[in-house]
Amino acid sequence: MTTTLRPSGPLQQSEGGARSRPYEVRVNSRRVGGLLIASDTPFGPTVGEIRELAVDEGDRRRGRATVAALAAEEVLRGWGCRRVRISVPADSPGGLRLATALGYVEQSRNLAKDLAGEPPAPAAGSRGRPMTPAEYAAWEARSREEYADSWIARGMDPGAARVKAAADHLEQLAHGLDTPGTAFTVLEVSGVPVGHVWTGPRGEDAYVYDVAVAEEHRGRGHGRALMLLAEGVALAAGRRRLGLHVFAGNTPALRLYEALGYRPTGFNYAKELI
């Protein structure tokens, strides 16, 4: 029996060149699953994504998903893409095996922690306080540039990365420190600011959008203290789950989050289309 892709909807194409199209996974004439293929993601027209790949329970473990993913890569090559991205839920062992078998490399992962009870109080001599307007102005300029650089490092065109950074900051922080649901907390130790954490809502959960310890104060446990402050902020806002995103190469951060009880909810992979 032959596994193929068949379009299940029209090709959607924007004036800027973005494309997307849904497909059915078929064995001969029988539908056994589906997926969505897209290009011109935030990374630009040469980066494609395979989304929502799913095979019906009765047809799994027969190589259907593998053939479908390879066929989707061919579609993306035909669209001029040179790189492909996929996201796999952490509770999909088959999807994780497939990504590894097809040569995808983990780029980042999403983590979350269920919150129960109040986090420990800050250590003696340390405290959390709201970020001041002056501190926010300095952070905003620096953070927007660093955010753009993080996308450039992952393959995005520099111009597009800076446009995205400006747009995302405006969307998330339309009113700066006064944006509803937003909290910027500074950690002070013996009266000296050593780091900050930005938390806000994402759906029903709270989310850590940015956390950083000043370079000269790293290696002293302040990252853990900041994450505990974030948990306190989330609980005070009535949120019982706290999520975040971390790059695969950031081993110290991964170890810290795991030690604090955060667990993966999804993995983000990519590979070059040769």
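Residues numbered from 1 in each chain as written. Predicted model: local features only at pLDDT ≥ 70, side-chain atom pairs only at ≥ 80, totals over all residues. Heavy atoms only, no water.

Participant: Quick one: what's the story with the overall build of the chain, residue by residue and with numbers?
Facilitator: The helix and strand tally for the chain stands at six helices and 13 strands. Counting only C-alpha atoms and orienting by the principal axes, one finds that the chain spans roughly 70 × 40 × 30 Å. Within the chain, the proportion of its 274 residues that are buried is 43%. For the chain, the accessible area works out to roughly 14400 Å², and carbon and sulfur atoms hold 52% of it. Considering the chain, the positive charge centre built from 35 side chains and the negative charge centre built from 32 side chains are found 6 Å apart. (Helix = DSSP H or I, 4+ residues; strand = E, 2+ residues; numbered from the N terminus. Buried < 20%, exposed > 50% of the residue type's maximum accessible area, 1.4 Å probe, protein only. Areas by Shrake-Rupley, 256 points an atom, 1.4 Å probe, with all protein chains shown as cover. Lys, Arg positive; Asp, Glu negative; His and termini not counted. Charge placed at Lys NZ, Arg CZ, Asp CG, Glu CD.)

Participant: Please provide a residue-by-residue account of unusual backbone geometry, values included.
Facilitator: The phi dihedral of N28 falls on the positive side, at around 55°, and the residue is not glycine. As for its placement among the helices and strands, N28 is situated in the loop between β3 (19-27) and β4 (30-41). Although it is not a glycine, E52 adopts a positive phi angle of roughly 60°. Summarising the element assignment, E52 is placed in strand β5 (residues 44-55). You can call E52 exposed: its relative accessible area is 64%.

Participant: An account of the packing of aromatic side chains is needed here, citing residue identities and associated values.
Facilitator: Under the definition given, this model contains nine aromatic pairs. Ring plane angle 35° and centroid distance 6.5 Å describe the contact between F267 and Y269, whose orientation is recorded as tilted. An identical accessibility class is assigned to F267 and Y269; each is buried. Three or more aromatic residues joined by ring pairs make a cluster, and in this case those are Y136, W139, F184, W198, Y207 and Y209. Directly above the ring of Y207 sits R202, whose terminal nitrogen or CZ lies 3.7 Å from the centroid. (Phe/Tyr/Trp six-rings, centres within 6.5 Å; stacked < 30°, edge-to-face > 60°. Lys NZ or Arg CZ within 6 Å of the ring centre and 35° of its normal.)

Participant: Quick rundown of the environment of G128? Include the residues and the values.
Facilitator: Here G128 is to be found in strand β8 (residues 126-130). G128 sits 67 residues away from G195 along the chain, and the two C-alpha atoms are 9.7 Å apart. Ignoring anything within four residues of it in the chain, the contact list for G128 reads T185, V186 and L229. (Contact = heavy atoms within 4.5 Å.)

Participant: Could you give an account of the pattern of salt bridges, with specific residues and numbers?
Facilitator: What the rule picks out here adds up to 21 salt bridges. The salt bridge involving R83 is made with E272; its shortest N-O contact spans 2.1 Å. Of this pair, R83 sits in strand β6 (residues 83-89) while E272 sits in strand β13 (residues 263-272); the two residues are 189 residues apart in sequence, bridging distant segments of the chain. Residue classification places R83 among the buried positions, given a relative accessible area of 17%. R129 is paired through a salt bridge with E135; the nearest N and O atoms lie 2.7 Å apart. (Salt bridge = Lys/Arg side-chain N within 4 Å of Asp/Glu carboxyl O.)

Participant: Lay out helix α5 (residues 222-236) with the relevant residues and their values.
Facilitator: Across its 15 residues, α5 extends 21 Å between first and last C-alpha, which sits within 8% of the 21 Å expected from 1.5 Å per residue. Every buried residue of α5 is accounted for by H222, G223, L226, M227, L228, L229, A230, E231, A234 and L235. Positive backbone phi, approximately 85°, marks G238, located one or two places after α5. (Expected span 1.5 Å × (residues − 1).)

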